[in-house]
Amino acid sequence: MEKKKKEEGKRGGNNRKEMIEIDEKRGKKMKKRNISTSSSTLYISIRRCLILLIGIRLISAVTNVNILSDCDEVMNYWEPTHYLLYHSGLQTWEYSPQYGLRSYFYIAIHASMGKFISFLSIFPNEKIAIFFGIRMILGTISAFCETFFYSSVTHYFGSKIGLFTFLFLFSSPGMFIASTAYLPSSFSMLFLMVAFGFWMKDKLGMAVFCVAGATLMGWPFCVVLALPLAIHSIYSLGLFKTIGWGLYSLICFVVPSCLVDFYFYEKLIFPPINIILYNVFTSHGADLYGTEPWSFYIINLFLNFNILLPLATLSLPVSSPIN
């Protein structure tokens, strides 16, 4: 009898422990649900973010509010694209073999978009369809890059910061204009956005690859933005792995660029090096078309990002990732 009572007492104690453990698990689950539901009000899904950004970028591509605000876009990029598509177009001095400051490889990528659009075009004026079609493709690519950046910010800093990032990307006048601009600086902007996205997701190799693309295919002066990433990559991946990713990037971007430019210039040429040499190491390169005071950058940033500029500046001392 005493043994039975002891066994029943042990069973009862075990049952109580099991009930307590079940209650604790339920409590943890309830807490998790409460946390997720409370944070969901400050979260926008990746799919919704992409749809909204594609919508606003397509508006930028087709409305008259934002049509070619930069003369360089017309003369240095649309004209050579017209030349590749229709074998006629004006040539600026930057494309002269004497200087070789622009790459035909960058032009050829966009001309291939135009060729594809011409096959699909149902409009009577093919050139207008190609013009707006390329701008729409650029806007859509920008939306995908921005969405990836948003997902990385959300992953690294949390949903609240991610939501603010989306709102500022969606409402920024600078992004509205730059997202559909046919310019190397916009091309570099998108590559850098993806690079920082990979960086926040701790995929340093891909981040190095994208920064190389921004520098070698877009605007070479943005290489200064690669310095913090290079230091972090060497520290985390090691010197040899970082160099390996750099060499892989050179092969992917430099080799096809040199081949295409050799075909058009009829000599071996590398425009990113030429434009740096011309602008930095000549007496007339950087100030050929005049200069602006240092305050130009502050004013331009405020026009493009308005209240985000002072808010971002104030947040620097206190910003930190979530654990």
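Our structure is the block above this text.
Residues numbered from 1 in each chain as written. Predicted model: local features only at pLDDT ≥ 70, side-chain atom pairs only at ≥ 80, totals over all residues. Heavy atoms only, no water.

In this section: the overall build of the protein. A count of helices and strands for the protein gives 14 helices and zero strands. Counting over 323 residues, the protein shows a buried share of 36%. Pairs at least 24 residues apart make up 73% of the contacts formed inside the protein by residues separated by at least 6 positions. (Helix = DSSP H or I, 4+ residues; strand = E, 2+ residues; numbered from the N terminus. Buried < 20%, exposed > 50% of the residue type's maximum accessible area, 1.4 Å probe, protein only. Contact = heavy atoms within 4.5 Å.)

This part is about the packing of helix 9 (residues 204-218) against helix 10 (residues 226-237). In a packed pair of helices, the relevant descriptors are the angle between the two axes and the axis-to-axis distance. With their axes 10 Å apart at the nearest point, helix 9 and helix 10 run at an angle of 150 degrees to one another. Overall, the two elements helix 9 and helix 10 adopt an arrangement that is roughly antiparallel. For the element pair helix 9 and helix 10, the recorded crossing hand is left-handed. Contacts from Leu204, Gly205, Ala207, Val208 and Val211 in helix 9 reach Ala226, Leu229, His232, Ser233, Ser236 and Leu237 in helix 10. A class-by-class count of the residues in the contact of helix 9 with helix 10 yields seven nonpolar, four polar and no charged. (Axes fitted to C-alpha atoms, helices over the stretch in contact; angles between N-to-C directions. Parallel < 35°, antiparallel > 145°, perpendicular 65-115°, else oblique. Left-handed = near helix turned anticlockwise from the far one by under 90°. Nonpolar A, V, L, I, M, F, W, Y, C, P; charged D, E, K, R; others polar.)

Because the α-helix completes a turn every 3.6 residues, residues three or four places apart line up on one side. Under the 1.5 Å per step criterion, the end-to-end length of helix 9 is 20 Å for 15 residues, consistent within 8% with the ideal 21 Å. Of all 15 residues in helix 9, 14 are buried; the element is thus mostly enclosed. (Expected span 1.5 Å × (residues − 1).)

This paragraph deals with the side chain of Ser257. Relative to the assigned elements, Ser257 resides in helix 11 (residues 239-265). What Ser257 contacts, discounting residues up to four positions off in sequence, is Ser103 and Phe105.

Right, let's get into the pattern of salt bridges. Within the structure shown, the criterion is met by two salt bridges. Linking Glu146 and Arg57 is a salt bridge whose minimum nitrogen-to-oxygen distance equals 2.7 Å. Highlighted residues: Glu146 in helix 5 (residues 126-157) and Arg57 in helix 2 (residues 46-62), separated in sequence by 89 residues. Taking relative accessible area as the criterion, Arg57 reaches 0% and is therefore assigned buried. (Salt bridge = Lys/Arg side-chain N within 4 Å of Asp/Glu carboxyl O.)

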